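Per-entry structural report
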Amino acid sequence: MTQTSASSSQRPRIAVIGYGSQGRAHALNLRDSGFDVTVGLRPGGPTSLRAREDGFIVRTPVEAVASADLIAVLTPDMVQPQLYAETIAPNARQGATLLFAHGFNVHFGQIAPRADLDVVLVAPKGPGALVRREYEIGRGVPCVWAVHQDPAGRAEAHAMAYAAGLGGTRANVIRTTFKEETETDLFGEQAVLCGGASALVQAGYETLVEAGYQPEIAYYEVLHELKLIVDLFYEGGITRMLEFISETAQYGDFVSGPRIVDAGTKARMKAVLSEIQDGTFARNWIAEYRAGLPNYTAFKQADLAHPIEETGRRLRASMRWLQANREASSTTQD
Ligand code: NAD
Ligand code: MG
Ligand code: MG
Ligand code: MG
Ligand code: MG
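Per chain, the residues get numbers from 1 upward, laid out in the order the sequence is written. A letter from A marks each chain and a number from 1 marks each ligand, given out in the order of writing. Only residues with pLDDT of 70 or above have their local features reported here, since the model is predicted, and side-chain atom pairs are shown and tallied only from 80 upward, although totals for entire chains, interfaces and linings are computed over all residues.

- If you look the chain up in an unreviewed UniProt entry, it shows as Ketol-acid reductoisomerase (NADP(+)) from Coralloluteibacterium thermophilum.
- UniProt positions are given in the numbering used here, feature names are shortened, and annotations may be inferred rather than shown by experiment. Taken directly from UniProt, the Sequence similarities (unreviewed entry) text for the chain runs: "Belongs to the ketol-acid reductoisomerase family."

Spelled out as structure tokens, the structure:
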């Protein structure tokens, strides 16, 4: 008995529910790390074929949940409360571990887990495709982890085993709380990574094209080259970028950067953060989802119809190596 519970601490049987951006990467990495992984998906759902092609036995969410020591909830955030109530709460084993990759539903009170379940968070700080690619080349994506409740006493052991199985410990793992992960993750993707960066690129492109410059040159200047700059940030921070760019570019950075992102921008960042912290963003997003995503759909269509997308499609056609990348990755950030 002691033996069984010790081994279930280190090598829990894992059910991965959802096989999208994170679900696929987690399932593949954990299997390659020696875990017994079952994928739980709705029969006939859009990703079950892909999971089967990857060699997994695909079960219904109910079957996968019922046989697992650790249940990884990797469906979209907005479907998790119903999935928890209808499928997980009635079928999870006594004392099983419930694992999330984002703290949203627990932190904002949309899921109140059963009192006997250990509840943890292991959130890789990167999109699923990168979590898989880094693992395959012997590296890892840093992860943050947290414990919400620990009645069965395996929360930390399971979170660490899972983070190691993902390859996260090869990079770094940092302990956090559900609150800190949820608020910083939402802020990062809204203000800087997704919202901020895409708006900056679109505005830069529009400025050049409206001034009469060629769209193709505008694309290379404000979107394509951004990767080269971000690679330098990643390797050695802003210090490394400054080492690599010309004196002219450095001087331009110093005098013009603060005119683009100024005190007003930072004040608006603080407003975005406040609305995340006080629950306004969560309330609005849940209401939007329940209303059938009317604004979300319109915003997304506007992004997809932005002229920079058409320009980019044409120019990327000559970069053949991107084809292979796209097939290997697919789907969303965050
Ligand atoms: P996704 O949209 O890429 O994948 C969703 C998967 O869930 C698909 O396989 C879909 O078929 C399945 N699914 C949808 N509804 C379902 C249901 N009712 N029952 C069973 N399966 C269902 O999701 P994602 O972007 O990987 O996000 C999963 C979690 O990971 C979220 O909590 C998200 O916040 C978190 N996260 C995502 C990223 C990212 O890069 N995408 C990064 C860090 C954390
Ligand atoms: Mg994130
Ligand atoms: Mg945008
Ligand atoms: Mg230049
Ligand atoms: Mg996120």
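**As for the pairing of strand E6 (residues 118-124)**
- Most of E6 sits out of view: seven of its seven residues are buried.
- Exposure in this text rests on C-beta crowding, where 20 or more other C-beta atoms within 10 Å of a residue's own make it buried, 12 or fewer make it exposed, and counts in between make it partly exposed. The C-beta atoms are placed from the backbone. In this description a helix means any DSSP run of H or I spanning at least four residues, a strand means any run of E spanning at least two, and both kinds are numbered starting from the N terminus. Across the two faces of E6 the burial is the same, with Asp118, Val120, Val122 and Pro124 and Val119, Leu121 and Ala123 all buried.
- Whether two strands pair comes down to DSSP finding at least two bridges between them. In the sheet, strand E5 (residues 97-100) pairs with E6 via four bridges, with the strands oriented parallel. When the sheet's bridge partners are listed, phenylalanine 100 is paired in E6 with leucine 121.
- Both E6 and strand E7 (residues 143-149) contribute to a ladder of six bridges, which runs antiparallel. Paired with proline 124 across the bridge in E7 is cysteine 143.

**Describing the site of ligand 1**
- Residues in close proximity to ligand 1 total 29 residues, the closest being Gly18, Gly20, Ser21, Gln22 and His102.
- Contributing elements (two or more residues each) for the shell around ligand 1: helix H2 (21-32) and E6.
- When residues are grouped by polarity, Ala, Val, Leu, Ile, Met, Phe, Trp, Tyr, Cys and Pro land in nonpolar, Asp, Glu, Lys and Arg in charged, and all others, Gly among them, in polar. A breakdown of the residues in the shell around ligand 1 according to their chemical character gives 13 nonpolar, 13 polar and three charged. Note on definitions: a residue is near a molecule or strand provided its C-beta atom, placed from the backbone, lies within 6 Å of it.

**Looking at the packing of H2 against helix H7 (residues 128-136)**
- Here an angle of 0 to 180 degrees is reported between the N-to-C directions of two axes, which are lines fitted to C-alpha atoms, with helices fitted over the stretch in contact. Packing of H2 against H7 brings their axes to within 7 Å, and their N-to-C directions diverge by 20°. Accordingly, the angle class assigned to the pair H2 and H7 is roughly parallel. Every pair of crossing elements has a handedness; the one defined by H2 and H7 is left-handed. Only Gly128, Ala129, Val131, Arg132 and Tyr135 of H7 make contact with H2, whose side of the interface consists of Ser21, Gln22, Arg24, Ala25, Leu28 and Asn29.
- In the contact of H2 with H7, the residues fall into five nonpolar, four polar and two charged. In these notes the angle categories are as follows: under 35 degrees is roughly parallel, over 145 is roughly antiparallel, 65 to 115 is roughly perpendicular, and the rest is oblique. Rotating anticlockwise by less than a right angle from the far helix to the near helix defines a left-handed crossing, while the corresponding clockwise rotation defines a right-handed one. The contact criterion used is a C-beta to C-beta distance within 7 Å, with each C-beta placed from the backbone.

**Some details on the confidence of the model for the chain**
- Scored from 0 to 100, pLDDT records how confident the predictor is in each individual residue. Taken residue by residue, the chain gives an average pLDDT of 94. The fraction at 70 or more is 94%.
- Per-residue pLDDT stays below 50 along residues 1-6; that stretch engages in zero contacts with residues further than four places along the chain or on separate chains.
- With pTM at 0.94, the complex prediction returns an ipTM value of 0.97.

**Re the domain arrangement of the chain**
- Where each domain begins and ends is defined by an automated method or by a domain database. Taken domain by domain, the chain comprises domain 1 (2-176) and domain 2 (194-261 + 293-329).
- Computed over C-alpha atoms only, the centres of domain 1 and domain 2 are separated by 34 Å.

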